[in-house]
Amino acid sequence: MLRRLRVSHRQVVNQMARRPDLLCGAIALSCLLILAIKLTCSRAKNVVAPARPPVRFFSPDVPVVDLFLGQLEQVERLRSMAEVSLIFLYAPWCAHSITAREEVQKVARRMSKEVQFIAVNCWWHHGKCRKQQNLYQYPVIHLFYRRFGPIEYKGPYTAAYLERFIHRVITPLTYLPSRATLQDFLSYHEPGVIGYFEFNASPQPPGYTVFLTSALQSLRRDYRGGVRFGVVTNKHVAEAIPLQEDEMVYLHRHFNKSLVFPRAERNFTSENICGWAYEHRESVLRWLQPHGAKSRLMEQELSKGAALLLFLPFDPLAASQPLLQLIADIALQYHTCNDSEWWESGEHQSSWDGLWQTSGQLPFPSALCCNTVVLPRLDSLSRTHNVCELCLDRSAGAEPGAAQSPRCTFHRMEAALDSFYLRQSSFARLLAPSMACSHIVNSYSPLSRFSACCKTLAPRMTSYPPRSQEPPPQASGTQAANITGLKCRTNKTLRFYVLDSHLHWTFAVRLGAQDHVRHNVFATIVDLPDEVHYILDHRESLKDTLEHFIWNYSIPYSPLKRHLVGASVPKSPDSLIREVTTASFLSTVMDPEKDVLLFYYTHWCGFCTVLNHIIIQIARLFQGNSKVTVARVNAAQNDLPWEFMVDHFPTLLFFPRDRKHLSVKFPEDLPVTLPNLVRFVLRHSGLLHRDGTRAGLVEAELRRLQADVRLLQGAREQLSEQLAQLRQEKLRLSLQTLALESHNAELQRQGRRLEALYQEKSQQLTDAVGKLRALADASESLLAENALLKILLASVKEKAHLEPGAERDFTGEGAEQDLRTHGHS
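Residues numbered from 1 in each chain as written. Predicted model: local features only at pLDDT ≥ 70, side-chain atom pairs only at ≥ 80, totals over all residues. Heavy atoms only, no water.

S.K.: Residues and numbers for the overall build of the chain, please.
M.R.: A count of helical and extended segments in the chain gives 26 helices and 26 strands. For the chain, the proportion of its 825 residues judged to be buried stands at 37%. Within the chain, contacts between residues separated by at least 24 positions form 70% of all contacts whose residues are at least 6 apart in sequence. A total of about 49100 Å² of accessible surface is found on the chain, and carbon and sulfur atoms cover 56% of it. (Helix = DSSP H or I, 4+ residues; strand = E, 2+ residues; numbered from the N terminus. Buried < 20%, exposed > 50% of the residue type's maximum accessible area, 1.4 Å probe, protein only. Contact = heavy atoms within 4.5 Å. Areas by Shrake-Rupley, 256 points an atom, 1.4 Å probe, with all protein chains shown as cover.)

As structure tokens, then:
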């Protein structure tokens, strides 16, 4: 192979030696290629401007190490010098980074002695941070506790929240030295995890480090610290909870049984402890943190069911949060089903024993379960007393060992309802304050029998028995509501959500809060499946009004009024088309003196825009009639009562005067044109029967409009023909223009050719003139020389005549010498 290459190389060399033009051509092509590459690179350098070198992002007087060149390799060295470090990864052009910079500087000035603050520019393309970190958003805040990290901070970029998170990282565990501090720790609404470690054998037990890391793991999951971690070192304090051995972990829960970490089933690692705590925790309050951009956070939470949204002014650095604690107590009371005094104190037996004795049945044992049912409406009188509380005695059947729960199963309750429906005569006795009872055979199990009793509820429409026979206390002129264990006594379960009103008041305004009352307490219940929205008016005591608010929502026939969100009232109500809002809907549409044609539209509906000109025409047609109103409503911005909502857009509804309940919808199979719309209004308004003259005028106006339409159609056809002729003329002119342009181009080419010929002839003439001038100059010099020679010859001849001996000299050398002398002279 090598021999072949050498032979081919020799052949190429010999061929190039034989033909040197090939060698010159190759060298010329190489030079041209190098020149082209050089010119291209030089142009690229001129087009793309070099990036400016970065500058310091943080202020020099702030204790923040600003690595503005992206020196990520120095972060590890700086982090090893401090126990807690904060790493701020930023981009200098990012608005969020600029906003967060001011907040980080505030925190750095206060906590520089405890925390090492480091900022790294992760946008500079020459830095290692840009090359090694693939960041999709800026800024990113990481905290390191000793060698553990990073713990990413995902909260709002405010100094208070950031400082609170740093304090939680610095002290992830709460030391509980006494039983009082332990009781205070367990009384908080958030779940608590307590570890018991003895520090006698060594300065720091091995399990303590694992427990400390699990607390940091929880902060990595939730920056708010939804699960609180505490540590006990005193055995006397640990005996207050079931912690008897060293390195035991206890999870306190308010509603269900508290748990101890199963070391026999799971390894004692920080990941397992943290995962076990979050798996079995109980949360009564959940914080919502919308980040301001487009997200589905609110939709995902609200779609789960009814939600109580509480906007509270929250101070992260405050030592105590009384308002938050008040809300947490109400939430605990609402969720505490097993601790309800009604089910444990036995007061229900003393209040209902007499009723059971009068009915001839045994009183309810402890296995009581109740639910609210709606009775059938047998007559007009029963309509006002159609709610009944049905209680079942499960221990009277064949299954006395059933689970002790205050709620009945679906199958047993259905069997009880079937029995009561068959015994319709018992409902007559329910109109009086008495109890109707019966023994029911379980249809799903014929051998099982149990007792069921139904008692008519009080007229105040509360579906749950009072806590005692004594008159309930009054709160601000209203009856006190007992919401203890209400979650388990109603089918309308609420989820409690808390938002910081300082950060998310715009959400509260969109839900019905007043914009000028900022950073105040606002509560609302939003139920997306049922499409209801209620707002709390807490002008008085927040605790009592909130409890009544929850109570009134939970009862079967809630007295709460649905809140309707609407746009502002238009400034010009006397326009051609009346703009209807939520506030003005009833007063405008339900006016008994006017016939109203209502047009439902939205800003995103394209078909609604197409119909605008028709609505304007019919509004102008009925503008002189004071009994007909043409109105429209933006259904996307104005909530209406359910009976006035529509399922698609655009929609036209007509509300006749004095007969608003007989509203008519414009037929969907009929085209929405002006004649059809006018006939629709005239047919259902009664104008043809009540005012024949006006109806005749309207019909005449309609015929005139139809004639105008036909005239406009004829004019349109004429215009179409004229436009066709103009198009043909335009095409002919375009062809002529193209021909003239081609002829003009040919003339221009000939002109350029003649100009070149003219320039060539001019140059030739110029050259000829120059030559002629040279010849003229040469002839003049020859004439001068000729005249001189003639003079010399004449003088020589004259001398020859005068001196006879001189003829020899003239013919010889003397004559030649004379000619030379005269020539020089």
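So that's the structure; there's more coming.
S.K.: Break down the confidence of the model for the chain for me, citing the residues and quoting the values.
M.R.: With 72% of its residues at a pLDDT of 70 or more, the chain shows a mean pLDDT of 78. Low pLDDT (under 50) marks residues 339–367, which in the prediction has 56 contacts with non-local residues, meaning those over four places away or in another chain. Confidence drops under a pLDDT of 50 for residues 421–433, and excluding neighbours within four residues, the segment shows 25 contacts in the predicted structure. (pLDDT = per-residue confidence, 0-100.)

S.K.: A description of the sheet that holds strand S4 (residues 140–145) should follow, citing residues and the corresponding values.
M.R.: Taken in spatial order, the 5 strands make up an open sheet running S1-S3-S2-S4-S5, and their pairing is mixed. Pairing within the sheet leaves two strands with one partner each, and these edge strands are strand S1 (65–67) and strand S5 (148–153). Put simply, the sheet's adjacent strands are angled 20° from each other on average, direction ignored. Here S4 pairs with S5 via 4 bridges, running antiparallel. Among the inter-strand pairings, Tyr145 is bridged to a residue of S5, identified as Phe148. Taken strand by strand, helix H4 (residues 95–111) contacts strand S2 (84–90) and strand S3 (116–121), and its axis lies near 160° from that of S2. (Pairing = 2+ DSSP bridges. Axes fitted to C-alpha atoms, helices over the stretch in contact; angles between N-to-C directions.)

S.K.: Explain the packing of helix H21 (residues 612–621) against helix H22 (residues 674–685) residue by residue, including any values.
M.R.: H22 packs onto H21 with a crossing angle of 50° between their chain directions and a minimal axis gap of 10 Å. It follows from the interaxial angle that H21 and H22 lie oblique. The way H21 lies across H22 gives a crossing that is right-handed. On H22, the residues that touch Ile614, Ile615, Gln617, Ile618 and Leu621 of H21 are Leu674, Leu677, Val678 and Val681. (Parallel < 35°, antiparallel > 145°, perpendicular 65-115°, else oblique. Left-handed = near helix turned anticlockwise from the far one by under 90°.)

S.K.: How would you sum up the sheet that holds strand S22 (residues 578–580)? Please name residues and give values.
M.R.: Pairing within the open sheet is mixed, and its 5 strands lie in the order S22-S24-S23-S25-S26. Each edge of the open sheet is held by one strand with a lone partner, namely S22 and strand S26 (664–665). As paired elements, strand S23 (residues 595–601) and strand S25 (residues 651–655) share 5 bridges and run antiparallel to each other. What sits directly across from Tyr600, in S25, is Thr651. Together, S23, strand S24 (628–634) and S25 form the strand contacts of H21, whose direction differs from that of S24 by roughly 155°.

S.K.: Run through the pairing of strand S8 (residues 228–232), naming residues and quoting values.
M.R.: Across the 5 residues that make up S8, a large majority, 4, are buried. Bridge analysis of strand S6 (residues 174–175) against S8 gives 2 bridges, and the strand direction is parallel. Bridge pairing links Tyr175 to Val231 in S8. Of the strand pairs in this sheet, strand S7 (residues 192–196) and S8 are connected by 5 bridges, and their pairing is parallel. Residue pairing in the sheet places Gly192 in a bridge with Arg228 of S8.

S.K.: So what's going on with unusual backbone geometry? Residues and values would help.
M.R.: In this structure, Pro139 follows Tyr138 across a cis peptide bond, with omega equal to -10°. If you trace the backbone, Pro139 turns up in the loop between helix H5 (128–132) and S4. The phi dihedral of Arg146 is positive, around 55°, even though this residue is not glycine. Even without being glycine, Glu247 reaches a positive phi, approximately 60°.

S.K.: Kindly report on the packing of helix H12 (residues 322–335) against helix H18 (residues 542–554), identifying the contributing residues and their values.
M.R.: Closest axis-to-axis distance for the H12/H18 pair is 11 Å, and the angle between their directions is 35°. At the point where H12 passes H18, the crossing takes the right-handed sense. Contacts between H12 and H18 pair Leu323, Leu326, Ile327, Ile330, Gln333 and Tyr334 from the former with Leu542, Lys543, Leu546, Glu547 and Ile550 from the latter. A breakdown of the residues in the contact of H12 with H18 according to their chemical character gives 8 nonpolar, 1 polar and 2 charged. (Nonpolar A, V, L, I, M, F, W, Y, C, P; charged D, E, K, R; others polar.)

S.K.: Talk me through the packing of aromatic side chains; I want residue IDs and the actual numbers.
M.R.: Counted by the stated rule, this structure contains 28 aromatic pairs. We note Arg263 situated over the ring of Phe268; from NZ or CZ to the ring centre the distance is 4.1 Å. (Phe/Tyr/Trp six-rings, centres within 6.5 Å; stacked < 30°, edge-to-face > 60°. Lys NZ or Arg CZ within 6 Å of the ring centre and 35° of its normal.)

S.K.: Describe in detail the state of the cysteines, supporting the description with residues and values.
M.R.: Counted by the stated rule, this structure contains 1 disulfide. Disulfide pairing places Cys122 opposite Cys129 at an S-S distance of 1.7 Å. Using a relative accessible area of 1% as the deciding quantity, one classes Cys122 as buried. For Cys129, a relative accessible area of 0% puts it in the buried group. (Disulfide = S-S within 2.5 Å.)

S.K.: Just give me the short version of the side chain of Asp595, but keep the residues and values in it.
M.R.: Looking at the secondary structure, you find Asp595 in strand S23. A distance of 2.6 Å separates the side chain of Asp595 from the backbone nitrogen of Arg657, its partner in a polar contact. (Polar contact = N/O pair within 3.5 Å; in protein donor to acceptor, adjacent residues only side chain to side chain.)

S.K.: So what about the pattern of salt bridges? Which residues, and what values?
M.R.: Applying the stated rule across the entire model yields 17 salt bridges. Between Glu76 and Arg147 there is a salt bridge, and its shortest N-O distance comes to 3.2 Å. One end of the pair, Glu76, is in helix H3 (residues 73–79); the other, Arg147, is in the loop between S4 and S5, with 71 residues separating them in the sequence. Glu76 gets classed as partly exposed once you look at its relative accessible area, which sits at 36%. Classification of Arg147 as exposed rests on a relative accessible area of 62%. Where Asp595 meets Arg657, a salt bridge forms, and the shortest distance between an N and an O atom there is 3.5 Å. With a gap of 62 residues between them, Asp595 in strand S23 and Arg657 in the loop between S25 and S26 connect regions that are remote in the sequence. Neither residue differs from the other here; Asp595 and Arg657 are each classed as buried. Within the structure, one salt-bridge network assembled from shared partners comprises Glu76, Arg79 and Arg147. (Salt bridge = Lys/Arg side-chain N within 4 Å of Asp/Glu carboxyl O.)

S.K.: Before we move on, could you go through the nonpolar core and cite the residues and values that matter?
M.R.: Inside soluble globular proteins, nonpolar side chains tend to come together where they are buried. By size, the foremost hydrophobic cluster in this structure holds 85 residues, and its most contacted members are Phe88, Phe117 and Leu546. A total of 7 residues in this core trace back to one element, the largest contributor, which is H12. Not counting residues within four places of it along the chain, the set of residues in contact with Leu546 comprises Leu308, Leu310, Ile327, Ile330, Ala523 and Leu536. Listed in part, the 24 residues of the second largest apolar core include Phe599, Leu611, Ile614 and Val678. (Core = buried A, V, L, I, M, F, W, Y, C linked by side-chain atoms within 4.5 Å.)

S.K.: If you had to explain the layout of surface pockets to someone new, which residues and values would you point to?
M.R.: Taken as a whole, the largest pocket holds about 1400 Å³ of empty space. What lines the largest pocket is a set of 43 residues, among which Lys154, Gly155, Pro156, Tyr223 and Gln289 lie closest to the centre. Among the secondary structure elements, those contributing two or more residues to the lining of the largest pocket are H4, S4, S5, helix H8 (206–221), strand S11 (285–287) and helix H17 (501–510). A class-by-class count of the residues in the lining of the largest pocket yields 20 nonpolar, 13 polar and 10 charged. (1 Å grid on protein atoms, 1.4 Å probe; cavity = no way out; pocket = protein on both sides within 12 Å on 5 of 7 lines; lining within 4 Å. Points joined across faces, edges and corners; volume = space filled by probe spheres on them.)

S.K.: Can you lay out the environment of Tyr161 for me, pointing to particular residues and giving the numbers?
M.R.: For Tyr161, the location among the structural elements is in helix H6 (residues 159–170). Residue Tyr161 is classed as buried on the basis of its relative accessible area, which comes to 5%. In this structure, the C-alpha to C-alpha distance between Tyr161 and Tyr223, residues 62 residues apart in sequence, is 9.6 Å. One polar contact links Tyr161 to Asp500, side chain to side chain, over a distance of 2.6 Å.

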